[in-house]
Amino acid sequence: MFDLSSYNTFNLTVYAQAGRVITAPEDLTQPLGGPYIILGAGSDVLFTEDFAGTVLINRIGGIELGSKVDERGAPNDLGDHILVRVGGGVLLDELIDYLLDQGICGLENLSLIPGTVGAAPIQNVGAYGVEIGTFIAQIEARDVLSGKQVILSGEQCRFGYRTSIFKEQGWSSLFITHVTFKLPLKFTPKVNYAGLQSCEFKQARALRERVIALRNEKLPNPKYVGNAGSFFKNPYVSAQVVAQLKERYEQVPCYPQSDGSFKLAAGWLIDKANCRGIKHGQVGTWGNQALVIVNLGGAKPHEVVALAKYVSAEVQNKFALDLVPEVRLYGKHGELSWDQI
Ligand code: EPU
């Protein structure tokens, strides 16, 4: 049995049948048989029970600074962008810190997001007005079922809100070995997010520090309190639904999208459904951000599931809106949908 307690930031005590730490793409040349799960830092997963298969843990390291390119990605010694190829097992926050030391910016709004570089494209992780997919030029992966290498351009990854091709059927057997970013050498602060608008940032590092402070104010540190960040995705709704909500709540946070729909804040919905800071046994929602489900110590997987179901039912009762998990759910035989748990 392979102990997964240090491979899931919910800090749940769960086991897999076997575990393999992958440190180079060549470790995946042999096609894999039997059920498997690919893990980075385990910061966006919930194991609902022990897993009867092999867990492949991405620990491929290395950061290579490549050539300078222009805005379109074409090699150009005078270009104001640079290509950076990174091993999928590198921690995203360590990468951001290192890049800033080299005068390379762009990712600072994603500071302190727990997780690895290889996992980040799968959910297209985003925070404070920036999504990682915007900066991805190329992804190298291994298909664990065939052992073959696959290379995808950023465009081919079909990045969307907390999604990408890697979550689509037929593509989930790809183990991301390297990500090549195209990053700016000139700092242009991205301050669209409400908590950043009032500040002036002369240096990328100052923006990084502000983002870290914001995250620390709102989100529990998984080192001390088990959690997987936002548990649910923010739901997209029609203008009509927003209009109805505004009749009851003038100040409802909603973000207009280019297709005419609106993104609502799941944390706000949970809060208004009186589920912020609640505790059911050893599981609860975070007092400063209701969207985060926390393990208060020694929680069991089924307790986390029960609380998540309770919260979504309360939101459904109050707003007739469905919340769908942002975290990926894994059971005995592999990935599960929300309806299966
Ligand atoms: N809100 C409440 N009560 C709460 C939580 C939020 O009223 O308990 C309100 C806030 O006041 C704000 C709105 O809801 O008006 C949105 O809250 P927040 O700015 O904290 O952002 P979010 O939409 O809840 C998203 C991401 C986070 C990311 C932040 C900042 C998702 C599912 N979550 O949260 O990502 O850090 O924006 O950009 O999109 C993660 O994915 O794990 C994650 C933490």
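Below: a short report on this structure. (Residues numbered from 1 in each chain as written. Predicted model: local features only at pLDDT ≥ 70, side-chain atom pairs only at ≥ 80, totals over all residues. Heavy atoms only, no water.)

**Brief notes about the nonpolar core**
Nonpolar side chains in soluble globular proteins generally cluster together in the buried interior.
Now for step 1: Counting residues in each nonpolar core, the largest one holds 52 residues, and the members touching the most others are Leu4, Leu39, Leu46, Phe231, Phe232, Leu264 and Ile270.
Now for step 2: A per-element tally of this core places helix α7 (residues 301-319) first, with 7 residues.
Now for step 3: With residues up to four places along the chain from it excluded, the contact list for phenylalanine 232 reads Ala266, Ile270, Leu291, Ala308, Val311, Ser312, Leu323, Val324, Pro325, Glu326 and Trp338.
Now for step 4: Among the nonpolar cores identified, the runner-up in size contains 42 residues, and Val90, Ile139, Cys157 and Phe181 belong to it. (Core = buried A, V, L, I, M, F, W, Y, C linked by side-chain atoms within 4.5 Å. Buried < 20%, exposed > 50% of the residue type's maximum accessible area, 1.4 Å probe, protein only. Helix = DSSP H or I, 4+ residues; strand = E, 2+ residues; numbered from the N terminus. Contact = heavy atoms within 4.5 Å.)

**Some thoughts on the pairing of strand β11 (residues 149-153)**
Along any regular strand the residues' side chains alternate between the sheet's two faces.
Now for step 1: Summarising the sheet, strand β10 (residues 136-143) and β11 pair through 5 bridges and their orientation is antiparallel. Pairing of isoleucine 139 across the sheet is with leucine 152, part of β11.
Now for step 2: Hairpin connection of β10 to β11: 5 residues between the antiparallel strands, including glycine 147 at a positive phi of 80°. (Pairing = 2+ DSSP bridges.)

**Here's the deal with the site of the ligand**
Now for step 1: Not every one of the 24 residues close to the ligand is listed here, only the nearest: Tyr128, Tyr161, Tyr193, Asp271 and Gln289.
Now for step 2: A distance of 2.8 Å is found between an oxygen atom of the ligand and a side-chain nitrogen or oxygen belonging to arginine 162.
Now for step 3: Out of a free accessible area of 820 Å², the ligand has 81% covered by protein chains.
Now for step 4: When contributions to the shell around the ligand are tallied by element, the ones reaching two or more residues are β8 (126-127), α4 (204-218), β13 (226-230), α6 (266-272) and β19 (289-295).
Now for step 5: Considering only residue class, the shell around the ligand consists of 12 nonpolar, 6 polar and 6 charged. (Near = heavy atom within 4 Å. Polar contact = N/O pair within 3.5 Å; in protein donor to acceptor, adjacent residues only side chain to side chain. Areas by Shrake-Rupley, 256 points an atom, 1.4 Å probe, with all protein chains shown as cover. Nonpolar A, V, L, I, M, F, W, Y, C, P; charged D, E, K, R; others polar.)

**Quick look at the packing of aromatic side chains**
Now for step 1: One pass over the structure, following the stated rule, counts 10 aromatic pairs.
Now for step 2: Each ring, one from tyrosine 128 and one from tyrosine 193, has its centre 4.7 Å from the other, and the planes form 90°; the classification is edge-to-face. Of this pair, tyrosine 128 sits in the loop between β8 and β9 (130-131) while tyrosine 193 sits in the loop between β12 (174-184) and α3 (194-197), and the two are 65 residues apart along the sequence.
Now for step 3: The exposure class of tyrosine 128 is buried, given its relative accessible area of 9%.
Now for step 4: A relative accessible area of 28% places tyrosine 193 in the partly exposed class.
Now for step 5: A network of ring pairs unites the aromatic residues Phe10, Phe231, Phe232 and Trp338 as a single cluster.
Now for step 6: Between lysine 263 and the ring centre of tyrosine 161, over which it is positioned, the NZ or CZ distance is 4.1 Å. (Phe/Tyr/Trp six-rings, centres within 6.5 Å; stacked < 30°, edge-to-face > 60°. Lys NZ or Arg CZ within 6 Å of the ring centre and 35° of its normal.)

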